[in-house]
Amino acid sequence: MTTLTHPPRTASPPVRPRKAAGDGKWRRRIPLLPALVFTVVVTQLPFVATLVISTFEWNILKPGNRHFVGLANFKFVFTDERLRTAVLNTVVLTASVVLISVLLGLGLAMLLDRRFVGRGLARTLLIAPFLVMPVAAALLWKHAIYNPDYGLLNGTLNAVYRLFGADNGPTVGWISSYPMPAVVVSLVWQWTPFMMLILLAGLQAQPGDVLEAARVDGASAMATFRHITLPHLRQYIELGVLLGTIYVVQTFDAVYTITQGGPGSQTTNLPYEIYLTMFRKYEYGQAAAAGVVVVLGSIVIATFALRTIASLFREEVSR
């Protein structure tokens, strides 16, 4: 009679508790906590304070007369005639600068995308206006170019008149006669290099095999640009327009330095109107409400810009 024998049992290893999946993520994020706290303190707390101030009627010339008015300041922002004029001027200024800068930037980017002697020097010189401080650029245009007595524009105009036998040419007050174009031109000069860099990066990211195939098939340069290059640049153009809009809508330096909003509030945009409300009328509540409206509008535009940037990164990763 046989007996069944069982193999000796071995001790099973102790079961270790599994770590939560999020533990590793939080351990990696903890070093970023000081930066997050600093960002919240520097950006969000002042914004919350601005929101609180926007609900008060507060004029520094009337001490002790501060009281809560709810959304009355926001109603004033959307109904005041000066602010409506400032909104219209902001739209005209921003749209003009961004569109002209994109078109000029596209043309310059296409030129710099070609190989020629001195391309590096030309690229450096074309980028230089974007590196100039905004106040310095505004002063340059106001005094060195627009000045009716010794500015470059009137000097060139007088020189042309003398070539044709005239004693002197007309003296044009460019800032007083054409205030909005004067501000637009100075901002276009400064922002065109920014658009050029974005679009040049898009041109250099084009797939070379597609362009070569179009060239082999006999496509003309215009057809290649219209059907291949322009669709490829669509997202880069959108990115340039969105980022340019975010920055140009906040323009204060050029308006304050060149025209100071005049003549007759023709160039008063929202940032300059908020400055006047805050430091000339001393209406802190109304200025805070207008600032909140501008910030919320900028956030909406920035959201679209971030989505465009994210889609560009996804395309680069998928290649």
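Structure shown above.
Read on for a plain summary of the structure. This structure is a prediction, so every number in the text was calculated from the model and none was measured.

## Describing the overall build of the chain
Counting its secondary structure elements, the chain contains 14 helices and two strands. What you see for the chain is a C-alpha radius of gyration of 30 Å, clearly larger than the 20 Å of a compact globule of 319 residues, by over 25%. For the chain, the C-alpha atoms occupy an extent of roughly 135 × 75 × 30 Å along the three principal directions. Looking at the chain residue by residue over its 319 residues, the buried ones come to 35%. Put simply, 70% of the contacts in the chain that link residues at least 6 apart link residues at least 24 apart. If you sum the accessible surface of the chain, you get close to 20600 Å²; carbon and sulfur atoms cover 67% of it. A gap of 13 Å separates the mean positions of the 27 positive and 16 negative side-chain charges of the chain.

## A closer look at the environment of L139
Within the secondary structure, L139 sits in helix α6 (residues 134–145). Sequence-wise, L139 and S186 are 47 residues apart; in three dimensions their C-alpha atoms are separated by 9.9 Å. Those residues within four positions of L139 in sequence are excluded, and the remaining contacts are A144 and T257.

## So, a nonpolar patch on the surface
Among the surface-exposed residues, L33, L36, V37, F38, V40, V41, V42 and L45 lie close enough to one another that they form a single nonpolar patch of about 730 Å² accessible area. Within the secondary structure, V41 sits in helix α2 (residues 33–53).

## Looking at the nonpolar core
Core analysis: the biggest nonpolar cluster contains 44 residues, and L93, V97, V183, L187, Y236 and L243 have the highest contact counts within it. Counting residues per element, the ones that place at least two in this core are α4 (81–112), α6, α9 (179–204), α11 (221–248), α12 (253–259), α13 (270–279) and α14 (284–318). When residues of this core are assigned to their parent elements, the largest contribution, 14 residues, is made by α9. Among all residues touching L243, those that are not within four sequence positions of it are F194, I198 and A305. With 11 residues, the next largest nonpolar core counts F74, A86, L270 and V294 among its residues.

## Comments concerning the packing of α9 against α11
Relative orientation of the contacting elements α9 and α11 amounts to 150°, with a least axis distance of 9 Å. What the angle tells us is that α9 and α11 run roughly antiparallel. Seen from above, α9 lies across α11 with right-handed handedness. Two secondary-structure elements touch here, α9 through W191, F194, M195, I198, L199, A201, G202 and L203 and α11 through T229, H232, L233, Y236, I237, L239, G240, L243, G244, Y247 and V248. Looking at the contact of α9 with α11 residue by residue, the class counts come to 14 nonpolar, five polar and no charged.

## Focus: α2
For α2, spanning 21 residues, the distance from its first C-alpha to its last is 29 Å, which sits close to the expected 30 Å at 1.5 Å a residue. The principal kink in α2, of about 30°, is found at V41.

## Structural notes on the packing of aromatic side chains
For the structure on display, the rule yields 17 aromatic pairs. On the numbers, 6.1 Å between centres and 35° between planes, the contact of W174 with Y178 is tilted. Between Y275 and F279 the ring centres are 5.5 Å apart and the planes differ by 40°, which places this aromatic pair in the tilted class. In this pair, Y275 and F279 both sit in helix α13, four residues apart, roughly one turn of the helix. Using a relative accessible area of 49% as the deciding quantity, one classes F279 as partly exposed. Through successive ring pairs, a cluster of aromatic residues spans F252, Y256, Y272, Y275 and F279. Between the NZ or CZ atom of R66 and the centre of the ring of W58, over which it lies, the distance is 4.7 Å.

## Observations concerning the side chain of T268
Following the sequence through the fold, T268 ends up in the loop between α12 and α13. Under the relative-accessibility criterion, T268 is labelled buried at 4%. There is a polar contact of 3.0 Å between the side chain of T268 and the backbone oxygen of G261. In this structure, T268 is in contact with T85, A86, N89, G261 and E273, ignoring residues within four places of it in sequence.

## Some points on the pattern of salt bridges
A side chain of one charge can pair with a side chain of the opposite charge when the charged atoms of the two come close. With the rule as written, the count across this model stands at three salt bridges. The partner of R82 in a salt bridge is E273, and the shortest N-O contact between them spans 3.2 Å. With R82 in helix α4 and E273 in helix α13, the pair connects residues that are 191 residues apart, well separated along the chain. Here R82 falls in the partly exposed class, since its relative accessible area comes to 40%.

## Topic: α4
Across its 32 residues, α4 extends 46 Å between first and last C-alpha, which sits within 8% of the 46 Å expected from 1.5 Å per residue. The distance from a side-chain oxygen at the start of α4 to the backbone nitrogen of R82 is 3.2 Å, and the residue carrying that oxygen is D80.

## Focus: the side chain of E283
Along the chain, the position of E283 falls in the loop between α13 and α14. Buried and unpaired, E283 has no salt bridge, with K62 as the nearest side chain of opposite charge at 5.6 Å. A polar side-chain atom of E283 sits 2.9 Å from a polar atom in the side chain of N59. Residue contacts for E283: discarding those within four places in its chain leaves W58, N59, T277 and M278.

## Digging into empty space enclosed by the protein
It is a probe the size of a water molecule, rolled over the atoms, that shows where empty space is left. Under the criterion given, the structure shown has one cavity of 30 Å³ or more. Of the pockets and cavities examined, the largest cavity occupies roughly 30 Å³. Counting only elements with at least two residues in the lining of the largest cavity, the list comes to α13 and α14.

Criteria and cut-off values
- Residues numbered from 1 in each chain as written.
- Predicted model: local features only at pLDDT ≥ 70, side-chain atom pairs only at ≥ 80, totals over all residues.
- Heavy atoms only, no water.
- Helix = DSSP H or I, 4+ residues; strand = E, 2+ residues; numbered from the N terminus.
- Rg over C-alpha atoms; globule rule 2.2 N^0.38 Å.
- Buried < 20%, exposed > 50% of the residue type's maximum accessible area, 1.4 Å probe, protein only.
- Contact = heavy atoms within 4.5 Å.
- Areas by Shrake-Rupley, 256 points an atom, 1.4 Å probe, with all protein chains shown as cover.
- Lys, Arg positive; Asp, Glu negative; His and termini not counted.
- Charge placed at Lys NZ, Arg CZ, Asp CG, Glu CD.
- Patch = residues over 30% accessible without salt bridge, like charges linked within 9 Å, V, L, I, M, F, W, Y side chains within 5 Å.
- Salt bridge = Lys/Arg side-chain N within 4 Å of Asp/Glu carboxyl O.
- Core = buried A, V, L, I, M, F, W, Y, C linked by side-chain atoms within 4.5 Å.
- Axes fitted to C-alpha atoms, helices over the stretch in contact; angles between N-to-C directions.
- Parallel < 35°, antiparallel > 145°, perpendicular 65-115°, else oblique.
- Left-handed = near helix turned anticlockwise from the far one by under 90°.
- Nonpolar A, V, L, I, M, F, W, Y, C, P; charged D, E, K, R; others polar.
- Expected span 1.5 Å × (residues − 1).
- Bend = angle between axes of the 7 residues up to and from the residue.
- Phe/Tyr/Trp six-rings, centres within 6.5 Å; stacked < 30°, edge-to-face > 60°.
- Lys NZ or Arg CZ within 6 Å of the ring centre and 35° of its normal.
- Polar contact = N/O pair within 3.5 Å; in protein donor to acceptor, adjacent residues only side chain to side chain.
- 1 Å grid on protein atoms, 1.4 Å probe; cavity = no way out; pocket = protein on both sides within 12 Å on 5 of 7 lines; lining within 4 Å.
- Points joined across faces, edges and corners; volume = space filled by probe spheres on them.

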